[in-house]
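Coordinate inspection notes
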Amino acid sequence: MKHSSSLLFSLLLIAVAGCQSKSPPLAEAAAMPVPEVETADATTRKIIDYREYTGRTAAVNSVEIRARVSGYLLQSPRSADSDRVQPTAKADANLNSSIPEVNVNEGELVKQGDLLFMIDPQPYELALQQSKGSLEAAEARLKQANKDLSRSDALLDRNATSAAEYDQAVAAVAELRGQIENLRATVARNQLDLDYTRVRSPIDGLLGRTLVTSGNLVAADTTILTTVVSVDPIYVDFNVDEQSVLDYRKRMLEGEVKDARQTSIPIRLGLANEDGFPHEGAINFVNNITDPSSGNTRVRGTFNNDTGILSPGLFARIQAPFTSEYEAVLVPTKAIGMDQQGRFVMVVGDGNKVQRRSIKMGDIVDDMTVIREGVKPGETVVTSGLQKIRPGSEVRLQGAKS
């Protein structure tokens with residue numbers, strides 16, 4: 001019995017000693033220093049809200065260059081790495097054949113009217129000469145027929161010829177005049193065919209790859225020789241989702257924004273390797289329907305491209321305005337935290353005590369974020385040290401004296 005009492009007394013002494021050993025840390029916790037944090041004041045600035053989309057650049061004008069007449073190709077645009085000698089046709093001594101030289105290269109800028117291809121012109125020169133000869137012969141016969149008609153008219157007045165012979169003379173003149181009109185059209189058509197042997201660029205633009213080289217037979221209105229696309233200005237096509245379209249229309253009805261079909265709406269563009277949106281343009285077309293399969297509406301912008309950095313088919317990021325200019329409240333983006341309740345900031349109040357504020361975010365502008373709800377202009381928010389503080393705790397502002 002005496003031994004049991006001694007054991008119980010020893011256990012009580014150990015428990016008391018244990019409680020006493022934990023007291024210093026509790027005291028130390030109560031004496032922990034007030035955490036020091038960095039802060040910034042919420043500011044205001046006039047801004048415009050933007051939304052971002054993706055699209056592709058496209059040529060304003062894109063032309064497939066086709067042969068308008070059939071024949072053998074004498075000359076074509078040169079390849080950049082080729083010094084080949086192109087075949088040329090020998091001019092017949094009886095023809096006024098003068099075959100110009102093609103002086104353009106694949107992939108280079110060309111002007112409207114530049115010679116791109118040369119089709120053998122000799123068959124068409126022969127046809128033109130033949131039609132001109134027939135026209136000259138018909139005109140000579142018409143002169144003779146007019147003289148015969150004048151004589152018949154004089155003889156008819158003296159009753160020296162019959163009315164039937166006079167009518168035949170009138171018909172002969174009319175028939176020859178019809179033949180001459182037909183031959184003049186033939187001459188014009190043959191001249192046009194001859195002109196078509198010189199295939200020229202219809203627009204200013206960038207010349208594509210040569211699809212048919214010299215020596216090959218080309219067919220009229222069938223054979224595609226190359227392509228030319230304009231490069232300045234240039235289009236950018238992008239799709240706007242249905243929700244954005246409806247939001248914008250609602251703001252139009254409320255008078256906040258203007259109709260893109262009735263006024264010029266500025267937009268900005270950035271390429272895949274560019275930071276931000278360095279290129280400025282404007283919306284020039286909004287499609288009249290929404291694609292029911294995707295819910296998107298096609299919108300097109302136009303951009304100046306005097307530097308030539310843009311070309312058809314490039315991936316593009318588009319930034320389009322969705323509000324008019326307004327006064328917005330901004331805080332540093334790094335002041336915004338995230339927990340299970342959503343986005344928040346810690347606002348420093350009276351006595352340097354902080355309180356949690358749930359916020360509704362807007363656009364990010366540089367290193368600042370627009371706050372639509374939750375913070376008022378001039379309020380102080382914590383920008384660093386969020387992990388060291390809790391709602392209601394006291395903080396010491398960095399740089400402030402203790």
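These lines cover the structure that appears in this document, whether it is placed above or below. (Residues numbered from 1 in each chain as written. Predicted model: local features only at pLDDT ≥ 70, side-chain atom pairs only at ≥ 80, totals over all residues. Heavy atoms only, no water.)

**What about the pairing of strand E1 (residues 36-41)?**
- Across two bridges, E1 lies against strand E24 (residues 396-397) in parallel orientation. In the strand pairing of E24, Val37 is matched with Leu397.
- Two strands pair when backbone bridges link them, and E1 and strand E23 (residues 380-384) are joined in this way by four bridges, in the antiparallel orientation. Bridging across to E23, Glu38 finds its partner in Ser384. (Pairing = 2+ DSSP bridges. Helix = DSSP H or I, 4+ residues; strand = E, 2+ residues; numbered from the N terminus.)

**Considerations on the environment of Thr213**
- Relative to the assigned elements, Thr213 resides in the loop between strand E9 (205-207) and strand E10 (217-218).
- Looking at Thr213, the relative accessible area reads 37%, which means it is partly exposed.
- Sequence separation between Thr213 and Phe117 is 96 residues, and the spatial gap between their C-alpha atoms is 9.2 Å.
- Contact partners of Thr213, with chain neighbours within four places excluded, come to Leu73 and Ser76. (Buried < 20%, exposed > 50% of the residue type's maximum accessible area, 1.4 Å probe, protein only. Contact = heavy atoms within 4.5 Å.)

**What about the environment of Met252?**
- Mapped onto the fold, Met252 is located in helix H4 (residues 242-253).
- Measuring from C-alpha to C-alpha, the distance between Met252 and Thr323 comes to 9.6 Å, with 71 residues separating the pair along the chain.
- Those residues within four positions of Met252 in sequence are excluded, and the remaining contacts are Val257, Lys258 and Asp259.

**Quick notes on the nonpolar core**
- Ranked by internal contacts, the top residues of the largest apolar core, which has 33 residues, are Leu116, Ile119, Leu225 and Val228.
- Of all the secondary-structure elements, those providing two or more residues to this core are strand E7 (115-119), helix H2 (122-157), helix H3 (163-196) and strand E11 (224-229).
- When sequence neighbours within four positions are dropped, the list of residues in contact with Ile119 reads Ala67, Val69, Ser70, Gly71, Tyr72, Leu73, Leu74, Tyr196, Thr197, Val199 and Val218.
- Phe238, Ile267, Val299 and Phe322 belong to the second-largest nonpolar core, a separate cluster that totals 22 residues. (Core = buried A, V, L, I, M, F, W, Y, C linked by side-chain atoms within 4.5 Å.)

**Some points on the side chain of Thr197**
- Structurally, Thr197 is set in the loop between H3 and strand E8 (198-200).
- By relative accessible area, which is 0% here, Thr197 ends up buried.
- Residues within four places of Thr197 in sequence aside, it is in contact with Val69, Phe117, Met118, Ile119, Asp120, Pro121 and Tyr124.

**Some details on the packing of aromatic side chains**
- On inspection of all chains with the given rule, the structure shows two aromatic pairs.
- Look at Tyr53 and Phe238: their rings are 6.0 Å apart centre to centre, the planes differ by 25°, and that puts the pair in the stacked class. With a gap of 185 residues between them, Tyr53 in strand E3 (residues 50-59) and Phe238 in strand E12 (residues 234-241) connect regions that are remote in the sequence. The same class applies to Tyr53 and to Phe238, which are both buried. (Phe/Tyr/Trp six-rings, centres within 6.5 Å; stacked < 30°, edge-to-face > 60°.)

**Quick word on the pattern of salt bridges**
- Tallied over the full model, the rule gives ten salt bridges.
- Arg396 is paired through a salt bridge with Glu36; the nearest N and O atoms lie 3.1 Å apart. Taken together, the residues span a long stretch of sequence, with Arg396 in strand E24 and Glu36 in strand E1 at a distance of 360 residues.
- Residue classification places Glu36 among the partly exposed residues on the basis of a relative accessible area of 31%.
- Between Asp339 and Arg356 there is a salt bridge, with the nearest N and O atoms lying 2.9 Å from each other. In this pair, Asp339 is assigned in strand E18 (residues 337-339) and Arg356 in strand E20 (residues 354-358), connecting sequence segments 17 residues apart.
- Linked by salt bridges that have partners in common, Glu139, Glu181 and Arg184 make up one network. (Salt bridge = Lys/Arg side-chain N within 4 Å of Asp/Glu carboxyl O.)

**A word on the sheet that holds strand E17 (residues 326-332)**
- What the four strands build is an open sheet, ordered E2-E17-E22-E21; its pairing is antiparallel. Here the strands that pair on one side only, and so sit at the sheet edges, are strand E2 (43-47) and strand E21 (360-365). Neighbouring strand axes in the sheet, compared pairwise and without regard to direction, differ in orientation by 45° on average.
- Judged from the five bridges that link them, E2 and E17 form a sheet pairing that is antiparallel. What sits directly across from Ile47, in E17, is Tyr326. (Axes fitted to C-alpha atoms, helices over the stretch in contact; angles between N-to-C directions.)

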